[in-house]
Amino acid sequence: MKYFFALLLPGILVVFFTRVAYNHVLGLVLTVALIAASVYKGYTDSLLLIVIDAFSLTLGFYFANRMVEKTRNQ
């Protein structure tokens, strides 16, 4: 279950924070801070989980960037 959430939640959080803050870099930084806090607290316990988080962050950043560009063009 951890791996499923690691695949979905970071990407969704990047897009959510981007919508709230109107800045895709700030959305990424806030999400990375949340993941760093979870690693510090011990909830992320394997390297594979960190890699999946990073993959999800990358996809979320890509979609947030597309969303910001689409908004700027309108």
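In what follows, the structure referred to is the one given above.
Our subject in this report is the structure included herewith. (Residues numbered from 1 in each chain as written. Predicted model: local features only at pLDDT ≥ 70, side-chain atom pairs only at ≥ 80, totals over all residues. Heavy atoms only, no water.)

## Comments concerning helix 2 (residues 24-41)
Then comes step 1: Taking 1.5 Å of rise per residue, 18 residues should cover 26 Å, and helix 2 covers 26 Å from first to last C-alpha, within 8% of that figure.
Then comes step 2: Buried-residue contacts for helix 2 involve helix 1 (2-21) and helix 3 (47-73).
Then comes step 3: Where helix 2 begins, the capping side chain belongs to Asn-23, and its oxygen is found 3.1 Å from the backbone nitrogen of Val-25.
Then comes step 4: Phi turns positive, to about 95°, at Gly-42, one or two residues after helix 2. (Helix = DSSP H or I, 4+ residues; strand = E, 2+ residues; numbered from the N terminus. Expected span 1.5 Å × (residues − 1). Contact = heavy atoms within 4.5 Å. Polar contact = N/O pair within 3.5 Å; in protein donor to acceptor, adjacent residues only side chain to side chain.)

## Considering a nonpolar patch on the surface
Then comes step 1: A cluster of nonpolar side chains, contributed by Met-1, Phe-4, Phe-5, Leu-7, Leu-8, Leu-9, Ile-12, Phe-55, Leu-59, Tyr-62 and Phe-63, occupies part of the molecular surface with about 1100 Å² of accessible area.
Then comes step 2: Breaking the nonpolar patch down by element, the ones donating at least two residues are helix 1 and helix 3.
Then comes step 3: Following the sequence through the fold, Phe-4 ends up in helix 1.
Then comes step 4: Assessed through its relative accessible area of 46%, Phe-4 is described here as partly exposed. (Patch = residues over 30% accessible without salt bridge, like charges linked within 9 Å, V, L, I, M, F, W, Y side chains within 5 Å. Areas by Shrake-Rupley, 256 points an atom, 1.4 Å probe, with all protein chains shown as cover. Salt bridge = Lys/Arg side-chain N within 4 Å of Asp/Glu carboxyl O. Buried < 20%, exposed > 50% of the residue type's maximum accessible area, 1.4 Å probe, protein only.)

## Describing the environment of Ala-54
Then comes step 1: Here Ala-54 lies in helix 3.
Then comes step 2: Taking C-alpha positions, Ala-54 is 16 Å from Leu-26, a pair spaced 28 residues apart along the chain.

## Remarks on the environment of Thr-31
Then comes step 1: If you trace the backbone, Thr-31 turns up in helix 2.
Then comes step 2: Considered as a pair, Thr-31 and Phe-16 are 15 residues apart in the sequence and their alpha carbons are 9.7 Å apart.
Then comes step 3: The contacts of Thr-31, once residues within four sequence positions are left out, are Pro-10, Leu-13, Val-14, Phe-17 and Leu-57.

## Quick word on the packing of helix 1 against helix 3
Then comes step 1: Running from N to C, helix 1 and helix 3 cross one another at 30°; their axes reach a closest spacing of 8 Å. As judged from the angle between their axes, helix 1 and helix 3 are roughly parallel. The handedness of the crossing between helix 1 and helix 3 comes out as right-handed.
Then comes step 2: Among the residues making up the contact of helix 1 with helix 3, the classes are represented as 17 nonpolar, four polar and three charged. (Axes fitted to C-alpha atoms, helices over the stretch in contact; angles between N-to-C directions. Parallel < 35°, antiparallel > 145°, perpendicular 65-115°, else oblique. Left-handed = near helix turned anticlockwise from the far one by under 90°. Nonpolar A, V, L, I, M, F, W, Y, C, P; charged D, E, K, R; others polar.)

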